[in-house]
Amino acid sequence: MKREKSELLFEKAKKYFPGGVNSPVRAFRSVGGTPLFIKKGKGAHIWDADENEFIDFCGSWGPLILGHANANVVNAIKTTVENGSSFGAPTQLENELAELILSNNKYVEKIRFVSSGTEAVMSAIRLARGYTGRNKILKFEGCYHGHSDSLLVKAGSGLVTFGNTSSAGVPESFVNETIVVSLNNEEAVKQAFAEFKDQIACVIIEPIPANNGLLLQRKEYLQFLREICTENKTLLIFDEVISGFRIGFEGAAGYYRIQPDIITYGKIIGGGLPVGMYGSSAKIMSSISPEGNVYQAGTLSGNPVAMSAGIAQLTECLKKGFYEDLESKTKFLIEQIYSNLKSEISNLKFFSIGSIFWIAFTDKKEIRSAEEIDAESMKYFRVLHKELLERGVYLGPSGYEVGFICEAHTKDDLIITAKAFSEALHIAMK
Ligand SMILES: *Cc1c(COP(=O)(O)O)cnc(C)c1O
């Protein structure tokens, strides 16, 4: 596989950007080698600067549920941008996207559009604090909620701990407001509520944690969180930036039939353009400025071009059978991989839900918390990733990241991928 052009571009990029990238995981540090500079995408395929072609399972880390350069999305963007790209004034397109969402998702009543998932979560946390008049928040180790200060924390060694900052530049005093506990542990949550009675503004969770492996939670656990939050007048936030419109149009809330107090969205909602959203009941949302006293704003919020891309994409998602098709493709891929493997590999497991899948090198039946992931096993992923690239299959460059199936993946794509996988796995695990 030729890499010259990507290598040259990366050398240049390193002069301009820290690590040569504008978001750290893109630097390929955890798999080694040079990041591929992508030139073009169409459907489920991408091409790099050296003209290598790949079947893509990264999908821009989730947003591209229809695949690359979907004709409807592209046309919507073109038509809209012809009439101007931003006004800083309301447009009808915001209403249209809102209507599309609210009439098909009963878990939010009123929403606000922002420009990224990070911004959606940051705003949701401020809303929860403003609404409850409390300061502390509770998050789970292994859930990612974007890069705002109070959420860049990792757990300490106790059952209930204040976060240790996971990034320089985050003051100790900020993380003292963030309590961190393990996923799938009722006792830890109970203890946190006992220790910080009437101080916890919100519990925030990825109901389908998919940023640190795929840590599928028990429905009873999510139900437990719902109940303990209600009892304590604490708001439950579902961060559905990755699961929203991915696991179904109503995301994880709809999948588990659990009503959180606030939900955050991003990724798919913008059709590949930068859009985030948070939503709640009309009552809670009335705390947001200019109705209420929780300030939140954005120069490009509700950007018309991004709204039109979102409308085009979500319209496709609403078609009958859309999510069922994605799920059966995912199952087909995993079945094909298993059936291609010449010999049983005992410490290999594919976890999946809807169109999300994750490869874990483990003999555990289930992995529900971050500490159950064996960091040592990532050595297999390194080899797997490299061997898959050689065979024209592109996964996100980290073993902690999940893969995504999109509408544009064809049966042939999946058969080719499964063959590549079985070859690559035999090499990775020998
Ligand atoms: C991707 C993601 C975010 C951050 O969104 P950005 O658009 O990258 O800022 C937050 N929460 C979850 C669950 C995510 O998957």
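Our subject is the structure that appears above.
Rules and cut-offs
- Residues numbered from 1 in each chain as written.
- Predicted model: local features only at pLDDT ≥ 70, side-chain atom pairs only at ≥ 80, totals over all residues.
- Heavy atoms only, no water.
- Phe/Tyr/Trp six-rings, centres within 6.5 Å; stacked < 30°, edge-to-face > 60°.
- Helix = DSSP H or I, 4+ residues; strand = E, 2+ residues; numbered from the N terminus.
- Buried < 20%, exposed > 50% of the residue type's maximum accessible area, 1.4 Å probe, protein only.
- Lys NZ or Arg CZ within 6 Å of the ring centre and 35° of its normal.
- Near = heavy atom within 4 Å.
- Polar contact = N/O pair within 3.5 Å; in protein donor to acceptor, adjacent residues only side chain to side chain.
- Nonpolar A, V, L, I, M, F, W, Y, C, P; charged D, E, K, R; others polar.
- Axes fitted to C-alpha atoms, helices over the stretch in contact; angles between N-to-C directions.
- Left-handed = near helix turned anticlockwise from the far one by under 90°.
- Contact = heavy atoms within 4.5 Å.
- Lys, Arg positive; Asp, Glu negative; His and termini not counted.
- Salt bridge = Lys/Arg side-chain N within 4 Å of Asp/Glu carboxyl O.
- Pairing = 2+ DSSP bridges.

Undergrad: Before we go on, may I ask you to explain the packing of aromatic side chains in this structure?
TA: By convention here, two paired aromatic rings are described through the distance between centres and the angle between planes. Under the definition given, this model contains 15 aromatic pairs. Their ring planes at 50 degrees and their centres at 5.4 Å tell us that Phe162 and Phe196 sit as a pair that is tilted. Within this pair, whereas Phe162 is found in strand E7 (residues 161-162), its partner Phe196 is found in the loop between helix H6 (186-195) and strand E10 (200-205), the two being separated by 34 residues in sequence. Assessed through its relative accessible area of 11%, Phe196 is described here as buried. Relative to Tyr380, the ring of Phe361 has its centre 5.3 Å away and its plane inclined at 45 degrees; by these criteria the two rings are tilted. On the criterion of sequence distance, the pair formed by Phe361 in the loop between strand E15 (356-360) and helix H12 (378-390) and Tyr380 in helix H12 is long-range, its members being 19 residues apart. Aromatic rings pair up to connect Phe140, Tyr221 and Phe224 into one cluster. In this structure, Lys40 packs its charged tip against the face of Trp47, placed 4.7 Å from the ring centre. A cation over a ring is seen here: Lys349 above Phe351, with NZ or CZ 4.9 Å from the ring centre.

Undergrad: Where do I start with the site of the ligand in this structure?
TA: In the region of the ligand, the neighbouring residues are Ser116, Gly117, Thr118, Tyr144, His145, Gly146, Glu206, Asn211, Asp239, Val241, Ile242 and Lys267. Contact distances for the ligand include 2.8 Å between an oxygen atom and a side-chain N or O atom of Asn211. Lys267 has a polar side-chain atom sitting 2.6 Å from an oxygen atom of the ligand. Grouping the constituent residues of the shell around the ligand by class yields three nonpolar, six polar and three charged.

Undergrad: Explain the packing of helix H11 (residues 322-340) against helix H13 (residues 411-428) here, please?
TA: When two helices pack together, you describe them by how their axes are tilted relative to each other and by the distance separating the axes. Here H11 crosses H13 at 40 degrees, and the two axes come no closer than 8 Å. Judged by the twist between their axes, the crossing of H11 over H13 is right-handed. Of H13, the residues touching H11 (which contributes Lys329, Phe332, Leu333, Gln336, Ile337 and Asn340) are Lys411, Leu414, Ile415, Thr417, Ala418, Lys419, Phe421, Ser422 and Leu425. Class assignment of the residues belonging to the contact of H11 with H13 gives a composition of eight nonpolar, four polar and three charged.

Undergrad: How do you make sense of the side chain of Glu94 when you look at a structure like this?
TA: Mapping Glu94 onto the fold places it in helix H3 (residues 92-102). With no salt bridge to any partner, buried Glu94 finds its closest opposite charge in Arg112, at an N-O distance of 8.0 Å. Ignoring any residue separated from it by four or fewer positions in sequence, one finds Glu94 in contact with Ala89, Phe113, Gly302 and Met307.

Undergrad: Got a minute to help me understand the sheet that holds strand E3 (residues 53-56) in this structure?
TA: In any sheet, the strands associate via hydrogen bonds between backbone groups, in a parallel or an antiparallel arrangement. The strand order across the open sheet formed by four strands is E1-E2-E3-E16, and the pairing between neighbours is mixed. Whereas interior strands pair on both sides, the edge strands pair on one side only; in this sheet they are strand E1 (38-42) and strand E16 (393-394). Note that strand E2 (residues 45-48) and E3 share three bridges and pair antiparallel. Bridge pairing in E3 places Trp47 opposite Glu53. Those strands touched by H13 are E2, E3 and E16, and its axis lies near 100 degrees from that of E3.

Spatial relationships are all this shows, so hold off on functional conclusions.
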